[in-house]
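Residues per chain, in single letters:
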Amino acid sequence: MILERIRALPGNAQGAVWILVGSLFLSANDAVVKTLGADFHPIQMALFRYTIGMVLLAPWFVKAGRDSWRTERLGTHLARAVIAGIGQAAVYYGVIHLYLADATAVAFSRPLFLTMLAVLILGEVVGWQRWAATAFGFLGVLVMVRPGGAPFDIAWAVALLAAVLFALGIIFIRTLSTTEPPIRILFYYHVFGIALFLGPAIALWQPPEPGQLALLALIGALTCAGMVCFVQGFSVGEASFVGPFEYLRLIYAALLGYYMFAEIPSLWTGVGALMIIASALYIARK
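Described below are features of the structure shown in this document.

Rules and cut-offs
Residues numbered from 1 in each chain as written. Predicted model: local features only at pLDDT ≥ 70, side-chain atom pairs only at ≥ 80, totals over all residues. Heavy atoms only, no water. Helix = DSSP H or I, 4+ residues; strand = E, 2+ residues; numbered from the N terminus. Rg over C-alpha atoms; globule rule 2.2 N^0.38 Å. Buried < 20%, exposed > 50% of the residue type's maximum accessible area, 1.4 Å probe, protein only. Contact = heavy atoms within 4.5 Å. Areas by Shrake-Rupley, 256 points an atom, 1.4 Å probe, with all protein chains shown as cover. Salt bridge = Lys/Arg side-chain N within 4 Å of Asp/Glu carboxyl O. Core = buried A, V, L, I, M, F, W, Y, C linked by side-chain atoms within 4.5 Å. Axes fitted to C-alpha atoms, helices over the stretch in contact; angles between N-to-C directions. Parallel < 35°, antiparallel > 145°, perpendicular 65-115°, else oblique. Left-handed = near helix turned anticlockwise from the far one by under 90°. Nonpolar A, V, L, I, M, F, W, Y, C, P; charged D, E, K, R; others polar. Phe/Tyr/Trp six-rings, centres within 6.5 Å; stacked < 30°, edge-to-face > 60°. Lys NZ or Arg CZ within 6 Å of the ring centre and 35° of its normal.

A few words on the overall build of the chain. Scanning the chain from terminus to terminus reveals 13 helices and zero strands. For the chain, the N- to C-terminal ordering of α and β elements is α-α-α-α-α-α-α-α-α-α-α-α-α. The C-alpha atoms of the chain give a radius of gyration of 19 Å, which matches the 19 Å a tight globule of 286 residues would have. For the chain, the spread of C-alpha atoms along the three principal axes comes to 50 × 45 × 45 Å. Here the chain holds 286 residues, and 45% of them are scored as buried. A separation of at least 24 residues holds for 90% of the contacts in the chain among residues at least 6 apart in sequence. Carbon and sulfur atoms make up 70% of the accessible area of the chain, which amounts to about 14100 Å² in all.

Right under this line is the structure:
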């Protein structure tokens, strides 16, 4: 019934709804990660994220057949999976040790790093307006981190590293997409992700209780659900219209952080986040 009502909406309205729902799933996932962070290492949680995602996507992979898995760019798939996998673990570390709103706002700095990496790696030409917007966004990051204004928390550096690695992962997707369909990129991303984290997770393994096991599985399910919603949203709506709706994740994160963990983000978080979002929206528009 609900899906039928969504499909009856115009394309952009559909896309906005899907992005809003997907953002809610991802914010809820961050809350689950933070809840489990006191008992489980981010690497163990990352293994569950990839394993459950692989299980949920397996019917799609099987239906596509073996031809969809064949590739001549295995090394590039591996490099992308390693970079994004380390970034995933770094995201979890940041979520655990920072306020949810802070960790979410730092994640929005990804387009800023993407601009620089696109110039350095892909040779893209960027005008002075985008460079100015990028500089303004990084100023917003400094406003949030406030170097010298308070004792520095290494979690800020790890969260920023995660944004850099995910931006680099997007660069790899751009290069892979010239020959590889999305299903193949997803397949090797999960296969190599499981292989990357299996050994370290076993070494750091903490036996979960039944309730904790359900929450660990929920990490993979919520991430997968959020990813599916984003794919659906960008497939039915214009990217320039539906993309900005992701920034409502900051509101979700602030509310979940307040009601679940008694977190009250500082004024500097709000100011810095607005600066980052404004610069990212300008870059996307350009």
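Looking now at the pattern of salt bridges. Any two side chains of opposite charge can pair, on the condition that their charged atoms come close. All chains considered together, the criterion is met by three salt bridges. Note that E263 and K34 form a salt bridge whose closest N and O atoms lie 3.3 Å from each other. Of this pair, E263 sits in the loop between α12 (249-261) and α13 (267-285) while K34 sits in helix α2 (residues 11-36), and the two are 229 residues apart along the sequence. Given the relative accessible area of 5%, E263 is considered buried. Of the residues examined, K34 reaches a relative accessible area of 14% and is grouped as buried. Here E180 makes a salt bridge to R184, at a shortest N to O gap of 3.1 Å.

Before going further, it helps to examine the nonpolar core. One finds M45 and I219 to be the most contacted residues of the largest nonpolar core, which totals 51 residues. The greatest single-element share of this core, amounting to nine residues, is contributed by helix α3 (residues 42-64). Apart from residues lying up to four places away in sequence, I219 is in contact with N29, V32, V33, L36, M45, R49 and Y92. Formed by 11 residues, the second largest nonpolar core is a distinct cluster that contains F113, A118, A167 and F172.

For the rest of this paragraph, the subject is the packing of helix α4 (residues 74-97) against helix α8 (residues 154-176). It is at 8 Å that the axes of α4 and α8 come closest, and there the two elements cross at 155 degrees. The angle between the axes of α4 and α8 places the two elements in the roughly antiparallel class. Considering only the axes of α4 and α8, their crossing is left-handed. In the contact of α4 with α8, the residues fall into 17 nonpolar, eight polar and one charged.

Moving on: the packing of aromatic side chains. Scanning the model with the defined rule gives eight aromatic pairs in all. On the numbers, 5.8 Å between centres and 20 degrees between planes, the contact of Y50 with F197 is stacked. Of this pair, Y50 sits in helix α3 while F197 sits in helix α9 (residues 182-203), and the two are 147 residues apart along the sequence. Classification of Y50 by relative accessible area gives buried; the value is 0%. On the numbers, 5.9 Å between centres and 25 degrees between planes, the contact of Y188 with F192 is stacked. Remark: F192 and Y188 occur in helix α9; sequence separation between them is four residues, near one turn of the helix. Residues Y188 and F192 agree in their burial class; the two are buried. Here the basic side chain of K34 rests over the ring of F261, its NZ or CZ set 5.8 Å away from the ring centre. The aromatic ring of Y189 is capped on one face by R80, whose charged end is 4.2 Å from the ring centroid.

This next bit is on the packing of α3 against α4. Two elements in contact, α3 and α4, have axes whose closest approach is 9 Å; the angle formed by their N-to-C orientations is 125 degrees. Judged by the angle between their axes, α3 and α4 are oblique. The chirality of how α3 crosses α4 is right-handed. Between α3, through P42, M45, A46, R49 and Y50, and α4, the contact on the second element is made entirely by A84, G85, Q88, A89, Y92, Y93 and I96. Counted by class, the contact of α3 with α4 contains nine nonpolar, two polar and one charged residues.

What follows is about unusual backbone geometry. A negative phi angle is the norm for most residues apart from glycine, just as the trans form is the norm for most peptide bonds. Even without glycine at this site, A262 takes up a positive phi of about 55 degrees. Examined against the element boundaries, A262 turns out to sit in the loop between α12 and α13. By relative accessible area, A262 is classed as exposed at 63%.

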